[in-house]
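Next come the chains, spelled out residue by residue.
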Amino acid sequence: MASLLTPESVTQITTETTFALKSNQLAQQLLANVMNLPINTALPEHSWLVASTPVGKGGLGIRDSTNEACISFFCSILRSIRYATDKITFKDGTEIILPTHHKDLYADWQTSNTRIFTTFRSILNNLLPFITCPDEIISQQQKISYVMTEIKLEGLQRKIKRNLASEKIQKYLEDVTKPDDIRINLPSMLSGTTISGTMNISRTIPHNRPNPKFFRLALHRMLRTPIPILYNKTCCQNCKNNNNTNIDKYGDHIIACHSKTAAHNEIRDSLATIIRNTATITNDIPTENHISLEPVGLTPSHPLKRPADILLYLSDNEQTKTTKIAVDTTFIGTNSRSTAELEVSRSLMTDKVFRHHEAAENKKFKGPNRPGTPGDHIIKELNDNNCRILPATFDSFGKLGPAITDFLYGPNNEYKTFKRNTETLHAHAKQAIKIATEKNRVHSLLTRANVDWTTKNGKTSWYTTSYKAKTPSMWAKQYLCISMINALGKHLHQGIAKALLQTKNTSKLNTAGTRQDYLSSKHRESASNASPPTKQPAPRSKTTTTQQLRNRNTDRDTVGREWRRAVPLDNNSQHTRAHTTRPPSTTHPASQQTSTTRPNGQINQNNQ
Ligand SMILES: [Zn+2]
């Protein structure tokens, strides 16, 4: 096999062919389209990196043609060679040896100068570093022979793709020429807790159909692409010292500036639902009633304080003294730690992301620090009551923090390699952390739920009725992802309304922004001063809708639908005016709906 990979014996291939690049470009345009970015926008490099990362690694799973063609070719030829020269083994153990005329076709793959084999050898050479081999296999020769004769073919293609993706991400993280804010937040963007979880869900379940506006905003967050409505917007109307705060086009400021309560509550409820359904399978709690939201009376000296968002009353467990778990949800903003020395761990998690979550968790372990509520005292009472504190943090990309990850998915997670900073904490907080990380704590809830559920119901049964989730953990992930999309999307949507218009009323705010919006505003800016500033600000109250009605109705005149002239578009005035001017048979609620979401008269004209 010595001459196997010499330059003469391989076909020099380039993965970046015109076709592959063109195909990638099309995929990017499609994505830009979904997000309503302006026509012909090239997606930023990091967005394509996240989009083309496999779903298993937290990306969108869009296939990158430059790799995909090679990997598919490689795996199919490898399979053919294996089948022809060795044997075919079926799942039930039956083996078939192919006749010699098949075998002869593939037998000389190492030496043949046929293009198919020279290409195969070339790709084999390129992909070898991305194929995981046992530790004892070191030399390239051994590796080739292991891949050709022994490696398990099932799942090989997926594994190579994941390794390639890891390599790409790692390279990006270590490249100091890349933007700091992306490098620091990339592990969070690849958390896989938002859009990635919606790839295979049942749309027949109402919960699984998020509002398209929220979905789109969550997609903007995940790929970190500019949100169209925030183009050229500079001042935040919501900040106290307003008119000086810049709004960034990614929505980071809006996430930090706007009250996080709604998003917090959404995730709190979602976690409660997940824990209620899975902890009863594992018997960590005796019944569904042994879980309560924001209970009082946990701390005797401050009976009205509610230190827990979700309280679990655990089943009897001799191995641990803990009898209750107090889950406390926290929505933390975007990570803005300096990237000066970005340490990258093997699992593509960075120290900075860990510290970001750790800071929020430590705050929870310390307890509140307000007059009248001494944190250390409350934490002491919780410790004395055998109540474990479990901070459930999630960041502005939906990534879950170390403690809740440990509780749901188990200790073998990406945070494992990091050591927690506890120097600045008081003694009771340290004790709380000790209780939360003890060996016999309740953890790996979903992993254990899978095992227990399969044991009880057999391997062939489905956890949900919709044939989309085979195990409790699959369902939990889907459920959490949808909730996260709603939480982040709604938070951003309302935050944008407050930052731009100082209103919570978002019903008329089009954060999704259509391509038409963008083009019209562009056109207006450059072409004519005479056209009215139609898009912003959108209405804040009923008084402004009158102007809008006028705009709309003017549009309708231009398209010759005079009977609609006096038709009011908001429901309140409809009762007073609609009957007098409009034939009842021509009521089109759908068209009204479309119009009300678009305050821009000019846009309506374009659309009609
Ligand atoms: Zn602000």
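The text that follows walks through the structure, step by step, so that each part is easy to find. (Residues numbered from 1 in each chain as written. Predicted model: local features only at pLDDT ≥ 70, side-chain atom pairs only at ≥ 80, totals over all residues. Heavy atoms only, no water.)

Right, let's talk about the overall build of the protein for a bit. Summing up its helical and strand segments, the protein has 22 helices and 8 strands in all. Taking the intrachain contacts of the protein between residues at least 6 apart in sequence as the baseline, contacts between residues at least 24 apart amount to 67%. (Helix = DSSP H or I, 4+ residues; strand = E, 2+ residues; numbered from the N terminus. Contact = heavy atoms within 4.5 Å.)

One number sums up the size of the largest pocket: a volume of about 810 Å³. Residue lining of the largest pocket: 28 residues in total, with Asp328, Lys363, Lys364, Gly367 and Pro368 positioned closest to the centre. Elements supplying a minimum of two residues to the lining of the largest pocket: strand E5 (324–331), helix H12 (351–366), strand E6 (369–370) and helix H13 (375–384). The element that contributes the greatest number of residues to the lining of the largest pocket is H12, accounting for 6 residues. Per-class residue counts for the lining of the largest pocket are 10 nonpolar, 7 polar and 11 charged. Every residue lining the second largest pocket is counted, 23 residues in all, and those nearest its centre are Gly56, Leu190, Ser191, Lys399 and Glu414. In terms of residues, the lining of the second largest pocket owes the most to one element, helix H17 (residues 472–501), which gives 3 residues. Of the residues belonging to the lining of the second largest pocket, the class tally is 9 nonpolar, 9 polar and 5 charged. (1 Å grid on protein atoms, 1.4 Å probe; cavity = no way out; pocket = protein on both sides within 12 Å on 5 of 7 lines; lining within 4 Å. Points joined across faces, edges and corners; volume = space filled by probe spheres on them. Nonpolar A, V, L, I, M, F, W, Y, C, P; charged D, E, K, R; others polar.)

What follows concerns the packing of aromatic side chains. One pass over the full model with this rule turns up 10 aromatic pairs. Arranged with centres 6.0 Å apart and planes meeting at 50°, the rings of Phe354 and Tyr415 form a pair that is tilted. Highlighted residues: Phe354 in helix H12 and Tyr415 in the loop between helix H14 (402–409) and helix H15 (427–437), separated in sequence by 61 residues. Taking the relative accessible area as the measure of exposure, Phe354 reaches 3% and is therefore buried. On the numbers, 5.3 Å between centres and 80° between planes, the contact of Trp453 with Tyr463 is edge-to-face. Of this pair, Trp453 sits in helix H16 (residues 445–457) while Tyr463 sits in the loop between H16 and H17, and the two are 10 residues apart along the sequence. (Phe/Tyr/Trp six-rings, centres within 6.5 Å; stacked < 30°, edge-to-face > 60°. Buried < 20%, exposed > 50% of the residue type's maximum accessible area, 1.4 Å probe, protein only.)

It is worth spelling out helix H3 (residues 65–85) at this point. The end-to-end C-alpha separation of H3 is 30 Å, in line with the 30 Å expected for 21 residues at 1.5 Å each. Regarding H3, the residues found buried are Ser65, Thr66, Glu68, Cys70, Ile71, Phe74, Cys75, Ile77, Leu78, Ile81, Arg82 and Ala84. Structurally, H3 contributes buried residues whose contacts are with helix H1 (18–34), helix H4 (100–107), helix H5 (115–127), helix H6 (140–149) and helix H7 (156–174). (Expected span 1.5 Å × (residues − 1).)

Right, let's talk about the packing of H3 against H5 for a bit. Orientation of H3 relative to H5, taken along the N-to-C sense of each, is 115°, at an axis distance of 10 Å. Considering the angle they form, H3 stands roughly perpendicular to H5. Here the hand of the crossing between H3 and H5 comes out left-handed. Touching Cys70, Ile71, Phe73, Phe74, Ile77, Leu78 and Ile81 of H3 are Ile116, Phe117, Thr119, Phe120, Ile123, Leu124 and Leu127, all from H5. (Axes fitted to C-alpha atoms, helices over the stretch in contact; angles between N-to-C directions. Parallel < 35°, antiparallel > 145°, perpendicular 65-115°, else oblique. Left-handed = near helix turned anticlockwise from the far one by under 90°.)

Moving on, we come to the environment of Thr454. For Thr454, the location among the structural elements is in helix H16. As a C-alpha pair, Thr454 and Pro472 span 18 residues in sequence and 9.3 Å in three-dimensional space.

With that settled, consider the environment of Pro129. Structurally, the position occupied by Pro129 is in the loop between H5 and H6. Residue classification places Pro129 among the exposed residues on the basis of a relative accessible area of 58%. C-alpha separation for the pair Pro129 and Leu164, spaced 35 residues apart in sequence, amounts to 9.2 Å.

Turning our eyes to something else, we now look at the pairing of strand E4 (residues 310–313). Two elements, strand E3 (residues 291–293) and E4, share 3 bridges in a ladder whose sense is antiparallel. Note that in E4 the partner of Ser292 across the bridge is Leu311. Note that E4 and E5 share 4 bridges and pair antiparallel. Within E5, the position partnered with Leu311 by the bridge is Ala326. (Pairing = 2+ DSSP bridges.)

Turning to the packing of H3 against H6, a few remarks are in order. Between H3 and H6, whose axes approach to 9 Å, the crossing angle comes to 75°. Comparing their axes, H6 and H3 come out roughly perpendicular. Residue-level contacts link Phe74, Leu78, Ile81 and Arg82 of H3 to Val147, Met148 and Thr149 of H6. Across the contact of H3 with H6, the residue classes tally to 5 nonpolar, 1 polar and 1 charged.

The next point concerns unusual backbone geometry. One non-glycine residue with positive phi stands out, namely Arg224, at about 50°. Turning to its location among the elements, Arg224 is positioned in the loop between helix H9 (212–223) and helix H10 (252–257). Of note, Ser444 is a non-glycine position whose phi angle comes to about 50°, a positive value. On the secondary structure map, Ser444 appears in the loop between H15 and H16. Owing to a relative accessible area of 9%, Ser444 belongs among the buried residues under this scheme.

Another point: the sheet that holds strand E8 (residues 387–394). The strand order across the open sheet built from 4 strands is E3-E4-E5-E8, with neighbouring strands paired in mixed fashion. Taken across any chain shown, the strands that pair with only one partner, and hence form the sheet edges, are E3 and E8. With direction set aside, neighbouring strand axes in the sheet form an average angle of 20°.

In this structure, Leu312 and Phe407 are the most contacted members of the largest nonpolar core, which totals 51 residues. The set of elements that each furnish at least two residues to this core consists of H10, helix H11 (261–279), E4, E5, E8, H14, H16 and H17. No other element matches H17, which puts 12 residues into this core. Apart from residues no more than four positions distant in its own chain, Leu312 is found in contact with Ile275, Ile285, His290, Ile291, Thr323, Lys324, Ile325 and Phe407. (Core = buried A, V, L, I, M, F, W, Y, C linked by side-chain atoms within 4.5 Å.)

This is a description of form; function is not addressed.
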